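Chain by chain, the residues run as shown.
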Amino acid sequence: RSFRVGWSPDGSFFCPNKDGGLVRRRPKFSAGSSAGVDCLEHHRANAVSIGDKGSCPEFMLPTGDGLANVLGAYTEHSNPSTVGTRSMANECFALLTYLGKGDTSSRITSSFQGGTSDNGSEARRLFGIQAWLKDSCAIEVEDEIKQALSDNDNYAALLAAVSGGDTEKACSVADDLGFHHLATMLAAGPDAKSDILNEVMAWTDSGAASKMPDDLIRSYFLLGGDPIKTRKYH
C-alpha cells in the first residue's frame, strides 16, 4: 500500500502510525531553519497560479521574458552572504538562467518541462552552459592567476587564464605578460583558433615544443581547441 500525506491549513498533516491508524503530526522547525522557508516564500511570490485540481492549487513558472527574470531573481536570492562564495542552489539557478538567455520563446520553457526543441535551441543551450562554466569558475581562475604571478610563473598564470574559457581574459593576461603575438591572435576572435593550433602543431612536429615550457604548450593546445594533447604536457 501507498499513502499520500494530507496537509492541513495549519501546517499539520495526517500519517499512519505503526498500528495503521491515522495520527496528526506537525513538523518542528528549529531557529536556524528559516533559509528553506525563505526560498519557498520567494518561489510562491514568483510562481503563476494556473488553477485548482482536486481542491489543490497548481502553480507554474512564468513563460517568455518573465522566465529569465524569475530565474535571475532566484539566483540573487540564493547567493550566500559571504563574498567570493557560492551555494549549490545559487550555481543551479545560475545555470538555469544562462540556459534561458537568448531564447525567450515558448520552446525554452517547454525544455524545462520535458518538451522537444530544434537544433537552434540546442546550440543556444550549449552556449549557455559554456557561459555558465566560465562564470562559475571565474573566482577560482582569478585566484590561480594571482598565485602564479606571486610565484613569478608567467606561464602558469597564462594557463590559468586560458583554462577559464574566457577569451577576453586570456587575451588581457597574455598581453600583460608580454605574449603579444598570442594576444594579437586571440584578439582576432574564434577565427584564430585554427592558426593557434597550426602554430603549436608546427612546434611539436619540429621538436621545438620539447624546449618550451609545458604550460605554454598546454595553453596553445587549449586555445587551439585540442585539449586532448595537453595531457602529454601535464
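Caption draft 1: Local environment of the overall build of the chain. Of the regular secondary structure elements, the chain holds 11 helices and five strands. Within the chain, the proportion of its 234 residues that are buried is 28%. The long-range share in the chain, meaning contacts at least 24 apart out of those at least 6 apart in sequence, stands at 36%. Accessible surface, the chain: about 15200 Å² in total, of which carbon and sulfur atoms supply 54%.

Caption draft 2: Quick look at the packing of aromatic side chains. Counted according to the given criterion, the structure contains two aromatic pairs. Ring plane angle 50 degrees and centroid distance 5.6 Å describe the contact between Tyr155 and Phe179, whose orientation is recorded as tilted. Highlighted residues: Tyr155 in helix H7 (residues 154–163) and Phe179 in the loop between helix H8 (167–176) and helix H9 (180–187), separated in sequence by 24 residues. Classification of Tyr155 by relative accessible area gives partly exposed; the value is 31%. Take Phe179: its relative accessible area is 16%, and that puts it in the buried class.

Caption draft 3: Geometry of the environment of Gly189. Along the polypeptide, Gly189 turns up in the loop between H9 and helix H10 (193–206). Taking the C-alpha atoms as reference points, Gly189 and Thr167, 22 residues apart in sequence, are found 8.1 Å from one another.

Caption draft 4: Molecular detail of H7. For H7, the complete set of buried residues consists of Ala157, Leu158, Leu159, Ala160, Ala161 and Val162. Turning to H7, the residues buried within the fold contact helix H6 (138–150), H8, H9 and helix H11 (214–223).

Caption draft 5: Looking closely at the pairing of strand S2 (residues 13–16). Along S2, the buried face is formed by Phe13 and Cys15; none of Phe14 and Pro16, which line the opposite face, is buried. Judged from the four bridges that link them, S2 and strand S3 (residues 22–25) form a sheet pairing that is antiparallel. When the bridges of S3 are listed, Cys15 appears paired with Val23. Taking the residues between adjacent antiparallel strands as the criterion, S2 and S3 are bridged by five residues, where Gly20 takes a positive phi near 95 degrees.

Caption draft 6: The arrangement of the side chain of Ser12 in detail. Examined against the element boundaries, Ser12 turns out to sit in the loop between strand S1 (6–7) and S2. Ser12 sits in the buried class, given a relative accessible area of 1%. Among the polar contacts listed, one links the side chain of Ser12 to the side chain of Arg24, at a separation of 2.9 Å.

Caption draft 7: Inspection of the side chain of Ser136 at higher detail. Mapped onto the fold, Ser136 is located in helix H5 (residues 119–136). Since its relative accessible area comes to 18%, Ser136 is described here as buried. Polar contacts involving the side chain of Ser136 include one to the side chain of Glu91, which spans 3.2 Å.

Caption draft 8: Region of interest: the environment of Ile129. Its place among the elements puts Ile129 in helix H5. Beyond its immediate sequence surroundings of up to four residues, Ile129 is in contact with Leu95 and Leu99.

Caption draft 9: How the structure looks around the confidence of the model for the chain. Here the chain averages 78 in pLDDT, while 79% of its residues score no lower than 70. Mean pLDDT across the elements of the chain bottoms out in helix H4 (residues 106–112) (42) and peaks in H7 (92). Residue range residues 104–116 is modelled with pLDDT below 50. Its contacts to residues more than four positions away, or to other chains, number 22 contacts.

Caption draft 10: Spatial organisation of the packing of H10 against H11. Two elements in contact, H10 and H11, have axes separated by 8 Å at closest approach and are oriented at 140 degrees. Taken together, the axis directions place H10 and H11 in an arrangement best described as oblique. Like other packed secondary-structure pairs, H10 and H11 cross with a definite hand, here left-handed. Between H10, through Lys193, Ile196, Leu197, Glu199, Val200, Met201, Trp203 and Thr204, and H11, the contact on the second element is made entirely by Ile217, Tyr220, Phe221 and Leu223. Residue composition of the contact of H10 with H11, grouped by class: nine nonpolar, one polar and two charged.

Reading the values: rules and limits
- Residues numbered from 1 in each chain as written.
- Predicted model: local features only at pLDDT ≥ 70, side-chain atom pairs only at ≥ 80, totals over all residues.
- Heavy atoms only, no water.
- Helix = DSSP H or I, 4+ residues; strand = E, 2+ residues; numbered from the N terminus.
- Buried < 20%, exposed > 50% of the residue type's maximum accessible area, 1.4 Å probe, protein only.
- Contact = heavy atoms within 4.5 Å.
- Areas by Shrake-Rupley, 256 points an atom, 1.4 Å probe, with all protein chains shown as cover.
- Phe/Tyr/Trp six-rings, centres within 6.5 Å; stacked < 30°, edge-to-face > 60°.
- Pairing = 2+ DSSP bridges.
- Polar contact = N/O pair within 3.5 Å; in protein donor to acceptor, adjacent residues only side chain to side chain.
- pLDDT = per-residue confidence, 0-100.
- Axes fitted to C-alpha atoms, helices over the stretch in contact; angles between N-to-C directions.
- Parallel < 35°, antiparallel > 145°, perpendicular 65-115°, else oblique.
- Left-handed = near helix turned anticlockwise from the far one by under 90°.
- Nonpolar A, V, L, I, M, F, W, Y, C, P; charged D, E, K, R; others polar.

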